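In case you want the letters, here they are:
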Amino acid sequence: GYFHYGSEYMGWSPGGEKLVYTKRHFDNNQSMVYDVKIWDSQINESQWLTQSMRAIHPSFSPDGGKIIFVSHNNSIANLYTMNDDGTDLDQITKYDYDTQILCPSYSPDGAKVVFAMTDKDANMDLFILELSSGSIRRITEDPASDYGPIWHPNGKYISYTSHTGSTPNLHTYSFATGESKQIS
């Protein structure tokens, strides 16, 4: 099989017994696409969770029961969730214009998701989705690309890669202050 981009396309369940990942295969139209698979280390078996969804960036919820991922329809990306067995598939964003989404990640309490998105302004910035309300707000607004967000375990900060200053460096966003600082 063919894996792409390493950790951005795979993630371990909180207990470490399952690995969710993206793998290329032939879809229903015999085109090569990415879809989500899961491997269970307890039984040493894998299964496809999506079919012909052009799905990438799978990530487990903190309790391990849900998986969030990005699916593409032509040039439109949207976020979806499903149970760890592929059931209860739910589209949680409804973009209908040229949108790209990368690296969704659940907050430590499972109430929010951070992700990188290029939307109508053609800027790749970070956004927070409140799962209970469905509201989405931008947390970075830089002409340079911001992507690869990860939560700090306490949920008070998000670190990410930013191309501010033309060089990729790590930055950290504070929810308390609403400010980002370069840390590398």
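In case you missed it, the structure is sitting above this.
Residues numbered from 1 in each chain as written. Predicted model: local features only at pLDDT ≥ 70, side-chain atom pairs only at ≥ 80, totals over all residues. Heavy atoms only, no water.

In this section: the side chain of Ser-174. Here Ser-174 is to be found in strand β15 (residues 169-174). Ser-174 gets classed as buried once you look at its relative accessible area, which sits at 11%. Discounting chain neighbours no more than four positions away, the residues touching Ser-174 are Lys-156, Tyr-157 and Glu-179. (Helix = DSSP H or I, 4+ residues; strand = E, 2+ residues; numbered from the N terminus. Buried < 20%, exposed > 50% of the residue type's maximum accessible area, 1.4 Å probe, protein only. Contact = heavy atoms within 4.5 Å.)

Our next topic: the environment of Thr-164. Residue placement: Thr-164 occurs in the loop between β14 (157-162) and β15. For the pair Thr-164 and Ser-145, spaced 19 residues apart in sequence, the C-alpha to C-alpha distance is 7.3 Å. Within the local environment of Thr-164, its side chain forms a polar contact with the side chain of Ser-162, the two groups lying 2.8 Å apart. (Polar contact = N/O pair within 3.5 Å; in protein donor to acceptor, adjacent residues only side chain to side chain.)

As a further point, take the packing of aromatic side chains. The relative placement of two aromatic rings is captured by the distance of their centres and the angle of their planes. For the coordinates displayed, the defined rule picks out six aromatic pairs. Seen from their ring centres, Phe-115 and Phe-127 are 5.9 Å apart, and the 15° between their planes marks the pair as stacked. A residue pair is termed long-range when its members are at least 10 positions apart, and Phe-115 in strand β10 (residues 112-118) and Phe-127 in strand β11 (residues 124-130) qualify at 12 residues. With relative accessibility at 0%, the residue Phe-115 sits in the buried group. What makes Phe-127 buried here is its relative accessible area of 5%. (Phe/Tyr/Trp six-rings, centres within 6.5 Å; stacked < 30°, edge-to-face > 60°.)

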